[in-house]
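Inside the fold
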Amino acid sequence: MSTTATRPAGFGPAPDVEALRERPGPVQVPTLFGPPAWLLTRHSDVRRMLGDAETFRNGWTPADLQGDTARDPRQLSGDRSGNLLALDPPDHTRLRRMLTPEFTVRRMRRLEPRIVEIVDDHLDALERHGPPADLVSRFALPIPSLVICELLGVPPTDQDEFQTRTARQLDMTLGEEERTSLAAEALAYMQDLVARARRTPGEDLLGMLIREHADAMSNDELVGVANLLLVAGHETTSNMLALGTLALLRHPEQLALVRDDDAAVPAAVEELLRWISIVNSGSPRLATRDVEFDDAVVRAGDLVLFNLPTANRDPAATDDPDRLDVTRGQTGHLAFGHGVHHCLGAPLARMEMRVAFPALLRRFPGLHPAVADEDIAWAPHKAIFGLEELPVAW
């Protein structure tokens, strides 16, 4: 069963998981990291769980679980310090309060001119290359990667290596030994990056955190924050840019709205986020008390998983949810999560997509896939759903 990290090629949730949404309550499913877990698939249940951080803990450890645990699935590096995905209040609250000012809508507007410049530079390069060209490697991946690397102060000479390592870290087909080795490499790089920022704080996010909160954040926390933002801050948006473009190419009337009407773009981005739902699931939670979901009782100490694609296509939350409608204008999707762990970088991701989609479609009004639908290279094995490549022509 495609419970957490994998889903079939193509748009839409895994059919076996989607079928569970029609059941009267959640079911227990096997996991790759130890004991079974309850799987939530309905919009209302997922929203309820994500909104109750006290009942559903993020900050558990393998020692809290019943039975044998192979690994902690939340670890992005060798240490969980600073990884907001693995923390609960008050530690989560303390760190998030320090980071939030850098990710406000107002602060993102200050970044917009640079994002526009980065997008235009890559469009120019794409045009010079000529068709056919891989939209993933030449547009969707480098743009958010460059934005987040500049935001955090990663030197340009390190960015290619960072992209390659991150892509491998998110490949769920790798063995445990290789994943552990990649985590160690990432940890060592981040430790060096933080050490350099400690010596000479720049105008980037790390420099700001060191200047303003040097005594409130340990080196391990700075490393964890930087690692999380670098991994989560580029792979997610890059996959949305590639998949969102493919979705629009398959819906020409929707594409025309995004291309021709600036006012339609914000709602279109929200609908693409809902309809695609590139993140299958967030961090597993640990129930701190017995909780009822219809006829099922989740016991204290049980693990709880959730599936965002099925929740975002729940007919109880959205009319005709399988239809892409960029004019829908409906909010309340869970693509960025909900509650205290709502994605910190959501304003940045939205800004990048609002700039990139119309710019791409206006530059290349004849844009189309350069391969047949059956030859599209999906990447269902990635922790964040996406495409391996998307050859296009114009």
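You'll find the structure just up there.
Predicted, not measured: the structure shown is a model, and the values here were computed from it. (Residues numbered from 1 in each chain as written. Predicted model: local features only at pLDDT ≥ 70, side-chain atom pairs only at ≥ 80, totals over all residues. Heavy atoms only, no water.)

Some points on the sheet that holds strand S4 (residues 133-134)
Heads up, the condition is: Criterion used throughout: strands pair if DSSP finds at least two bridges between them. Numbering goes from the N terminus for both helices and strands, where a helix is a DSSP run of H or I of at least four residues and a strand is a run of E of at least two.
If you trace the three strands from one edge of the open sheet to the other, you get S4-S12-S9, paired in antiparallel fashion. Edge positions in the sheet fall to S4 and strand S9 (368-369), since each has one partner strand and no second. Examined bridge by bridge, S4 and strand S12 (residues 391-393) share two bridges and lie antiparallel to one another. When the sheet's bridge partners are listed, Asp134 is paired in S12 with Pro391.

Quick word on the pattern of salt bridges
Pairing between side chains of opposite charge can happen when their charged atoms approach one another. The test is simple: Each reported salt bridge corresponds to a side-chain nitrogen of Lys or Arg within 4 Å of a carboxyl oxygen of Asp or Glu. Per-residue accessibility, obtained with a 1.4 Å probe over protein chains only, is compared with the maximum for each type, and a residue is labelled buried under 20%, exposed over 50%, and partly exposed between these values.
Taken as a whole and assessed by the stated rule, the structure comprises 23 salt bridges. Among the ionic pairs, Arg250 bridges to Asp373, the shortest N-O distance being 3.7 Å. A residue pair is termed long-range when its members are at least 10 positions apart, and Arg250 in the loop between helix H10 (219-249) and helix H11 (252-260) and Asp373 in the loop between S9 and strand S10 (377-379) qualify at 123 residues. Overall, Asp373 belongs to the partly exposed group, its relative accessible area being 47%. For Arg259, the salt bridge goes to Asp260, with nearest N and O atoms at 2.8 Å. Overlapping salt bridges bring together Glu18, Arg21 and Glu22 as one network.

Notes on helix H14 (residues 346-363)
To keep things clear, this is the line we draw: Here the expected length of a helix is defined as 1.5 Å per residue gap, with one fewer gap than residues.
Here H14 is 18 residues long and its end C-alpha atoms lie 26 Å apart, about the 26 Å a rise of 1.5 Å per residue gives. Of all 18 residues that make up H14, 13 are buried, and the element is covered over most of its length.

Points about the packing of aromatic side chains
Any two aromatic rings considered together are summarised by their centre-to-centre distance and by the angle between their planes. Here is the rule we go by: Note on aromatic contacts: the rings of Phe and Tyr and the six-membered ring of Trp form a pair at centre separations within 6.5 Å, being stacked when their planes are under 30 degrees apart, edge-to-face when over 60 apart, and tilted otherwise. Criterion for a charge above a ring: Arg CZ or Lys NZ at most 6 Å from the ring centre, at most 35 degrees from the ring normal.
Within this structure, the stated rule accounts for five aromatic pairs. When the ring of Phe11 is compared with that of Trp275, the centres are 5.0 Å apart and the planes differ by 35°; the resulting orientation is tilted. Within this pair, whereas Phe11 is found in the segment before helix H1 (15-20), its partner Trp275 is found in helix H12 (residues 265-276), the two being separated by 264 residues in sequence. Among the residues examined, Trp275 registers a relative accessible area of 7% and is labelled buried. Measuring from ring centre to ring centre gives 4.4 Å for Phe364 and Trp394, while their planes differ by 40°; the resulting arrangement is tilted. With Phe364 in the loop between H14 and S9 and Trp394 in the segment after S12, this residue pair connects regions lying 30 residues apart in the sequence. For Phe364, a relative accessible area of 3% corresponds to the buried category. Linked through ring pairs, Phe11, Trp275, Trp378 and Phe385 together constitute an aromatic cluster. Its guanidinium or amino end placed over the ring of Phe293, Arg48 lies 4.3 Å from that ring's centre, counting from NZ or CZ.

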